[in-house]
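Read off the chains here:
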Amino acid sequence: MSDSPVQYRRVLLKLSGEALMGDLDYGIEPAVIQRMAAEIAIAREKGVEVAIVIGGGNIFRGAGLARAGMDRVTGDYMGMLATVMNALAIQDALESKGVFARVMSALQIHEVCEDYIRRRAVRHLEKGRVVILAAGTGNPFFTTDTAASLRAIEIGADILLKATKVDGVYDADPVKNPDAKRFDTVSFDKVLADKLMVMDATAVVMCRDNGLPLRVFDLTRANALVQAMSGDNVGTLVTA
């Protein structure tokens, strides 16, 4: 891990719900969420302002049930509620590390979290609190990847960090093709043209059109989260 000054003032971290499962088939593995919280705490100590958008796939996947016959809108709202559950778990893990955190939801659930208001979210960040942004955009048919791009642009993040189980962007699926090559850097246009499946196309276009760089890295590698937040060269950087 680099001891040099951090490159980014403010970052948005996109976590998939599946990232919280660890080796489990469902739910949240405590050791995984505690490790993530510890690394986020280190980044905060280095002076990085951190916002997080979390998915809900470890609990519920609305798109899958929609394909099985459930109304898509109903399924998507259920998925949003799953992200709120994950956000509360992350908040608890961060607070156990002494990090102040706030959950802000695109759906109104006043008993457990604040409403998402951009100016309030920015103020939380300026005061050193980690802001966990739940319930996606609050609208069906939009993924949490798109929510991450949107929120990153809204709060003025310097970079969007996409945490995955793969150590960057490849020219083919590395699970299916052992000869796939990883990019150190790649353009948004190539990601779109070659359908490299970094994020959904709407999210990629939003990043490209608003000049927001994207870094894709392997969350499961020790200290990768701290390195990515500090601006070290981990994973793949996607830029214009």
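Note: the structure precedes this text.
First things first, this report covers the structure right here in the doc. (Residues numbered from 1 in each chain as written. Predicted model: local features only at pLDDT ≥ 70, side-chain atom pairs only at ≥ 80, totals over all residues. Heavy atoms only, no water.)

Turning our attention to unusual backbone geometry. A positive phi angle is found at Lys-195, which is not glycine, with a value near 50 degrees. Mapping Lys-195 onto the fold places it in the loop between helix 6 (188-193) and helix 7 (201-209). Backbone geometry places Met-197, a non-glycine residue, at a positive phi of 60 degrees. On the secondary structure map, Met-197 appears in the loop between helix 6 and helix 7. Judged by relative accessible area, which is 70%, Met-197 ranks as exposed. (Helix = DSSP H or I, 4+ residues; strand = E, 2+ residues; numbered from the N terminus. Buried < 20%, exposed > 50% of the residue type's maximum accessible area, 1.4 Å probe, protein only.)

By the secondary structure assignment, Val-216 is in strand 10 (residues 214-218). For Val-216, a relative accessible area of 4% translates into the label buried. Leave out the neighbours within four places in its chain, and Val-216 touches Lys-162, Thr-164, Gly-168, Val-169, Val-198, Val-234, Gly-235 and Thr-236. (Contact = heavy atoms within 4.5 Å.)

Right, let's talk about the environment of Arg-208 for a bit. Tracing the chain through its elements places Arg-208 in helix 7. Residue Arg-208 is classed as partly exposed on the basis of its relative accessible area of 31%. The spatial distance from the C-alpha of Arg-208 to the C-alpha of Leu-12 is 16 Å, given a sequence separation of 196 residues. At a separation of 3.0 Å, a polar atom in the side chain of Arg-208 contacts the side chain of Asp-189. Of the polar contacts made by the side chain of Arg-208, one reaches the side chain of Asp-209; its length is 3.0 Å. (Polar contact = N/O pair within 3.5 Å; in protein donor to acceptor, adjacent residues only side chain to side chain.)

Below, the discussion takes up the pairing of strand 3 (residues 101-105). Counted residue by residue, strand 3 has four buried out of five residues, so it is predominantly covered. In this structure, strand 3 lies alongside strand 5 (residues 130-134), joined through five bridges in parallel fashion. Across the sheet, Val-103 pairs through a bridge with Ile-132, a residue of strand 5. Direction of pairing for strand 3 relative to strand 4 (residues 114-115): parallel, over a ladder of two bridges. Pairing of Ser-105 across the sheet is with Asp-115, part of strand 4. (Pairing = 2+ DSSP bridges.)

A separate point is the nonpolar core. Counting 43 residues, the largest nonpolar core has Leu-13 and Ile-132 as the members making the most contacts within it. The element best represented in this core is helix 1 (residues 30-45), accounting for seven residues. Met-104, Ile-155, Val-191 and Val-216 belong to the second-largest nonpolar core, a separate cluster that totals 31 residues. (Core = buried A, V, L, I, M, F, W, Y, C linked by side-chain atoms within 4.5 Å.)

It is worth spelling out the sheet that holds strand 3 at this point. Neighbouring strands of a sheet are bound in pairs by backbone hydrogen bonds; such pairs are parallel or else antiparallel. One open sheet accounts for nine strands, arranged 4-3-5-2-1-6-10-11-9; its pairing is mixed. Sheet topology places strand 4 and strand 9 (185-187) at the edges, where each strand pairs with a single neighbour. Of the strands in this sheet, strand 1 (10-15), strand 2 (49-54) and strand 5 are in contact with helix 1, which crosses strand 2 at around 150 degrees. (Axes fitted to C-alpha atoms, helices over the stretch in contact; angles between N-to-C directions.)

Our next topic: the side chain of Glu-39. Within the secondary structure, Glu-39 is located in helix 1. Among the polar contacts listed, one links the side chain of Glu-39 to the backbone nitrogen of Asn-223, at a separation of 3.1 Å. Those residues in contact with Glu-39 that sit more than four places away from it in its chain are Arg-221, Ala-222, Asn-223, Ala-224, Leu-225 and Val-226.

For the rest of this paragraph, the subject is the pairing of strand 10. Summarising burial for strand 10: five of the five residues are buried, a large majority. Direction of pairing for strand 6 (residues 159-164) relative to strand 10: parallel, over a ladder of five bridges. Bridge pairing links Thr-164 to Asp-218 in strand 10. Bridge count for strand 10 against strand 11 (residues 236-239) is three bridges, and the pairing is antiparallel. Each bridged residue has a counterpart across the sheet, and for Val-216 the counterpart in strand 11 is Thr-236.

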